[in-house]
Amino acid sequence: MTKYLFFTGGVVSSVGKGVTAAAMGLLLKERGFNVAVQKLDPYINVDPGTMSPYQHGEVYVLDDGAETDLDLGHYERFIDNRLTRVSNFTTGQVYAETIANERRGDYLGGTIQVIPHITNEIKRRIGLVEKETGAEIVILEVGGTVGDIESQPFLEALRQLRNEVGRENCLFVHVTWLPTIGATGEIKTKPTQHSVAALRSIGISPNIIIARADQHVDKSLCEKIALFCDVDKDSVIPMATADVLYEVPLLLEELGVGELVLRKLGLTAKQKANMTPWKKLVEDVRRPKSTVQVALVGKYVELQDAYMSVREALKHAALANDVEVEISWIHSTDLEKDKSWDVVKKADAVLVPGGFGSRGIEGKILAARYARENKVPYLGLCLGMQVMCIDFARSVLDLEDSNSTEFDRSTENPVIDIMLDQRSITNMGGTMRLGLYPCLLQQGSKASAAYAVPKVDERHRHRFEFNNSYRVEFEKHGMLFSGLSPDGRLVEIVELADHPYMVASQFHPEFLSRPMKPHPLFVGLLKAAKERAKKKISTNE
Ligand code: GLN
């Protein structure tokens, strides 16, 4: 019998429900269980692929090309599994499917209603995870906060599912927020009481409450929450904000949450959890180290969530190089206005991440130019590769009007152009070149040295590509096409021959970086950055 762990959120969003669910997945995997994770998003978009990163943060891409919520990145980084399309669905998908069924005549004669038609479709999609993965424990996170009008059908579906699979096979974990009154420093539980009351009004009583706060949560407060919210005393888990993300599973483990969950589900651990690698990881993060500065030049920098996987990948690679990484978040439009250059100039490396649309594009091109001319280590991710090529064409090949046709349709020198099979596409949703594709590495290149294997598979999300009519000219002038699709048609990695480390990929390596398995291209960047920082110290620059 599959067991279910349902995560709901209380009081406010963004309190770390996704991280908590991911950490719980790790604790259960460590105990020998086959764990699957799924995120249910209540918004009406079919997927986050068409949403602005300002609205939604990063769009996380899976092997099969699904464009998903950024929490799936947490799941993959903590549990170290490869998720698929069924691991994330939205209200939009549920309604689209139900309406398509209705048009086909599947419900002839019937009136289509939230209960049972929408809730049945939600339950069907939950069932797909277990079917696909054969998981013994399914962790299911409901996006948003209890009380939101959009999440009602999801919660109702979970209530029904609980009755169908039996209460003994389900646990409701409510992750809530305890605010602090600034004037007195007092932590308040009332909003939590209200959110649990809202949950109970739809027939769900939480079995475990994770009480999140910015400061230490006292035992007496936990007892108060237990009393007011009708939860066992040992099932209110205090969880102060951790300064190191990867400490969350350790904190939960210390509080005995892994065993508590198993006990409540009637399971016994198949093996002892070995948290030693995670303890070592957190110790390594805390150990004082020398710092390298990375200037991240993007267009959504006000919201770091927009670059969540890039930030994490940098941290993973920093650990591998035994350095601390300090990221300076630079708005590319500032560089166009001659601002923020002092920060870029201080940095030991420049990173230009992915992006869409023309705002700030010239600033990114300038950042690539600066890195090339000054031999500053550079990593370009997707759009970051395209701007590196545009700069090269403009500055080295003297093709001054070079551009991507994404930004200038009538440019005489479209060094980046729309992909052939993208030309006829008019629908914006889910139609890019998405997901895992193979890439062959050119022997002797920096990319091949970094990866140390001849072939890699990486995740993509783009419509534009390097225009092959410029390949010969680029190569003649020192650009190396160090990663190509197996048929040789698509440029996947470029690098400069005469540069310490100027490497850029058409794919998104950040999606495959894991805390214990840092991504080679990021490791390479920080290795070069570390060397540059060392040189700076020795020459007293
Ligand atoms: N806008 C560019 C393209 O579609 C780059 C995409 C990206 O950076 N993910 O090709």
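Residues numbered from 1 in each chain as written. Predicted model: local features only at pLDDT ≥ 70, side-chain atom pairs only at ≥ 80, totals over all residues. Heavy atoms only, no water.

1. Comments concerning a nonpolar patch on the surface
Our working definition: Two joining distances apply to patches: 9 Å for like charges and 5 Å for nonpolar side chains (Val, Leu, Ile, Met, Phe, Trp, Tyr), and every residue must have over 30% relative accessible area and no salt bridge. Values of accessible area rely on a 1.4 Å probe in the Shrake-Rupley scheme; residue burial ignores everything except the protein chains shown. By definition here, a salt bridge exists when the distance from a side-chain nitrogen of Lys or Arg to a carboxyl oxygen of Asp or Glu is within 4 Å. Counting from the N terminus, the helices are DSSP H or I runs at least four residues long and the strands are E runs at least two residues long. Between buried and exposed lies partly exposed: a residue is buried under 20% and exposed over 50% of the maximum accessible area for its type, with that area taken using a 1.4 Å probe on protein chains only.
A surface patch of nonpolar side chains, about 330 Å² in accessible area, is lined by Tyr95, Ile99, Val114 and Ile115. For the nonpolar patch, the secondary structure elements donating two or more residues are helix 4 (91–104) and helix 5 (114–133). Residue class for Val114 comes out partly exposed when judged on its relative accessible area of 37%.

2. Some details on the site of the ligand
Condition: Any residue with a heavy atom lying within 4 Å of a molecule or strand is counted as near it. We define a polar contact as two N or O atoms separated by no more than 3.5 Å, with the added condition that, inside protein, one atom must be a possible hydrogen donor and the other a possible acceptor, whereas residues neighbouring each other in sequence contribute only through side-chain atom pairs. Lys, Arg, Asp and Glu make up the charged group, whereas Ala, Val, Leu, Ile, Met, Phe, Trp, Tyr, Cys and Pro make up the nonpolar group; the residues left over, Gly among them, are polar.
Near the ligand the following residues occur: Gly354, Gly355, Phe356, Cys382, Leu383, Gln386, Glu406, Arg461, His462, Arg463, Phe464 and His508. In the environment of the ligand, an oxygen atom lies 3.1 Å from a nitrogen or oxygen atom belonging to the backbone of Leu383. Between Phe464 and the ligand, the recorded distance is 2.9 Å, taken from a backbone N or O atom to an oxygen atom. For the ligand, whose free accessible area comes to 300 Å², the fraction covered by protein is 99%. Contributing elements (two or more residues each) for the shell around the ligand: helix 16 (383–395) and strand 19 (455–462). The class makeup of the residues in the shell around the ligand is 4 nonpolar, 5 polar and 3 charged.

3. Things to note about the sheet that holds strand 17 (residues 414–418)
Selection rule: A pair of strands is labelled paired if DSSP reports no fewer than 2 bridges between them. Residues are treated as being in contact if the distance between any of their heavy atoms lies within 4.5 Å. Axis lines are fitted through C-alpha atoms, for helices just across the contact stretch, and the angle between N-to-C directions can take any value from 0 to 180 degrees.
What the 3 strands build is an open sheet, ordered 16-17-20; its pairing is mixed. Across the chains shown, the open sheet's two edge strands, defined by having one partner strand only, are strand 16 (403–404) and strand 20 (464–466). Sheet topology places strand 17 next to strand 20; 3 bridges connect them, and they run antiparallel. Directly across from Ile416, in strand 20, lies its bridge partner Phe466. Packing of helix 16 onto the sheet brings it into contact with strand 16, strand 17 and strand 20, and relative to strand 17 it is tilted by some 145 degrees.

4. Describing the pairing of strand 12 (residues 291–298)
Note the threshold: Seen with the strands pointing away from the viewer, any crossover whose path from the first strand over the helix to the second strand runs clockwise is right-handed.
For strand 12, the buried fraction is high: 6 of the 8 residues fall into the buried class. Two strands pair when backbone bridges link them, and strand 12 and strand 13 (residues 324–331) are joined in this way by 8 bridges, in the parallel orientation. Note on strand 13: the bridge partner recorded for Val294 is Ile327. The handedness of the strand 12 to strand 13 crossover, carried by helix 12 (residues 308–320), is right-handed. Inspection of the sheet shows strand 12 paired to strand 14 (residues 349–352) by 3 bridges, in the parallel sense. Bridging across to strand 14, Val294 finds its partner in Ala349.

5. Some remarks on the environment of Glu97
Relative to the elements of secondary structure, Glu97 occurs in helix 4. Overall, the relative accessible area of 30% leaves Glu97 in the partly exposed class. When neighbours within four sequence positions are excluded, Glu97 is seen to be in contact with Glu121, Arg124 and Arg125. A distance of 2.9 Å separates the side chain of Glu97 from the side chain of Arg125, its partner in a polar contact.

6. Focus on the sheet that holds strand 14
In spatial order, the strands read 13-12-14-15-23-22-21-18-19; together these 9 strands make up an open sheet with mixed pairing. Edge positions in the open sheet fall to strand 13 and strand 19, since each of these has one partner strand only. Ignoring which end each strand starts from, the neighbouring axes of this sheet average 25 degrees apart. By the bridge criterion, 3 bridges tie strand 14 to strand 15 (residues 378–381) in an arrangement that is parallel. If you follow Val352 over to strand 15, its bridge partner there is Gly380.

7. Concerning the nonpolar core
A general tendency of soluble globular proteins is for nonpolar side chains to be buried together. Note the threshold: Residues grouped as a nonpolar core are buried Ala, Val, Leu, Ile, Met, Phe, Trp, Tyr and Cys residues, joined through side-chain atoms within 4.5 Å.
The biggest cluster of nonpolar side chains holds 49 residues, and the ones touching the most others in it are Leu5, Leu28, Ile139, Leu252 and Val261. The element best represented in this core is helix 1 (residues 17–30), accounting for 8 residues. Excluding anything up to four places from it in sequence, Val261 contacts Leu5, Met24, Leu28, Leu171 and Ile208. Listed in part, the 40 residues of the second largest apolar core include Ala295, Met388, Ile390 and Val415.

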